[in-house]
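Inside the fold
Take a look at the letters that make up each chain.
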Amino acid sequence: MATRRPGESDRCEPSTFPVRTEEDLLTTRHAVRAATLAVGFGIVDQTRVVTAASELARNAYIHGGGGTLTVEHLQGSRGRGLRLTISDDGPGIADVESALTDGYTTGAGLGHGLGGARRLMHEFDIRSTPGEGTTVTATRWTAP
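Procedures and definitions
Residues numbered from 1 in each chain as written. Predicted model: local features only at pLDDT ≥ 70, side-chain atom pairs only at ≥ 80, totals over all residues. Heavy atoms only, no water. Axes fitted to C-alpha atoms, helices over the stretch in contact; angles between N-to-C directions. Helix = DSSP H or I, 4+ residues; strand = E, 2+ residues; numbered from the N terminus. Parallel < 35°, antiparallel > 145°, perpendicular 65-115°, else oblique. Left-handed = near helix turned anticlockwise from the far one by under 90°. Contact = heavy atoms within 4.5 Å. Nonpolar A, V, L, I, M, F, W, Y, C, P; charged D, E, K, R; others polar. Pairing = 2+ DSSP bridges. Core = buried A, V, L, I, M, F, W, Y, C linked by side-chain atoms within 4.5 Å. Buried < 20%, exposed > 50% of the residue type's maximum accessible area, 1.4 Å probe, protein only. Salt bridge = Lys/Arg side-chain N within 4 Å of Asp/Glu carboxyl O.

Turning our attention to the packing of helix α1 (residues 22-39) against helix α2 (residues 43-62). Look at α1 against α2: their axes get within 9 Å of each other, and the N-to-C directions meet at 155°. Regarding the angle of α1 to α2, the classification is roughly antiparallel. In the packing of α1 onto α2, the handedness of the crossing is right-handed. Note on element contacts: α2 touches α1 through Ile43, Gln46, Thr47, Val49, Val50, Ala53, Ser54, Ala57, Arg58 and Tyr61, opposite Glu22, Leu25, Thr28, Arg29, Val32, Arg33, Thr36 and Leu37. Taken together, the residues of the contact of α1 with α2 break down into 9 nonpolar, 5 polar and 4 charged.

Structure representation (structure tokens):
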């Protein structure tokens, strides 16, 4: 059994999940739910994080042709948290600001996905290059 030194975090190693099939979407949803429980989120914050993760994973699957989701457990001055990083090698987003606007859609959806995911998380960063793909990093914290 490993011994933790004073001041060391109880941070877990990041977990990475493929997002290539419909079944992967369900797997990532369950994995994120388990991670929210491990961090100690209440039911409302669990729902926020799982909803954001589901939307981001679905976008990578549908619009990006698949990708990966990495879940990191964090410990910091803001408390404990989860960082979700989802990346794809799809066509990218030509106009990120428009894509974050409610009602913007390139498919049959309502166009609330990216903007909604951003509102559900404390920190949200999206980097996209047309022709090269998109990476979204989103973090939610518990109370310190």
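Let's shift gears to the sheet that holds strand β3 (residues 79-88). What the 5 strands build is an open sheet, ordered β1-β2-β3-β5-β4; its pairing is antiparallel. For this open sheet the edge positions go to β1 (15-19) and β4 (123-129), each flanked by a neighbour on one side alone. Mean inter-strand twist for the sheet, computed between neighbouring axes without regard to direction, equals 15°. Two strands pair when backbone bridges link them, and β1 and strand β2 (residues 67-76) are joined in this way by 5 bridges, in the antiparallel orientation. By the bridge assignment, proline 18 is partnered in β2 with threonine 68. Sitting on the sheet, α2 is in contact with β1, β3, β4 and β5 (133-141), with an inclination near 10° to β3.

Turning our eyes to something else, we now look at the nonpolar core. By size, the foremost hydrophobic cluster in this structure holds 28 residues, and its most contacted members are Val32, Leu56, Val71, Leu84, Ile86 and Phe124. Every element with two or more residues in this core is listed here: β1, α1, α2, β2, β3, α4 (113-120), β4 and β5. For this core, the element with the highest residue contribution is α2, accounting for 7 residues.

Most of β3 sits out of view: 7 of its 10 residues are buried. Direction of pairing for β2 relative to β3: antiparallel, over a ladder of 10 bridges. Paired with threonine 70 across the bridge in β3 is threonine 85. Direction of pairing for β3 relative to β5: antiparallel, over a ladder of 8 bridges. From the neighbouring strand, glycine 81 faces β5, where its bridge partner is tryptophan 141.

The next subject is the pattern of salt bridges. For the coordinates displayed, the defined rule picks out 6 salt bridges. The salt bridge partner of aspartate 45 is arginine 140, with a shortest N-O separation of 3.0 Å. Of this pair, aspartate 45 sits in helix α2 while arginine 140 sits in strand β5, and the two are 95 residues apart along the sequence. The residues aspartate 45 and arginine 140 share a single accessibility class, namely buried. When the shortest N-O distance is used, the salt bridge between aspartate 125 and arginine 127 registers 3.1 Å. Take aspartate 125: its relative accessible area is 30%, and that puts it in the partly exposed class. Exposure remark for arginine 127: the relative accessible area of 59% places this residue in the exposed category. One network of salt bridges, with partners in common, ties together Asp45, Arg48 and Arg140.

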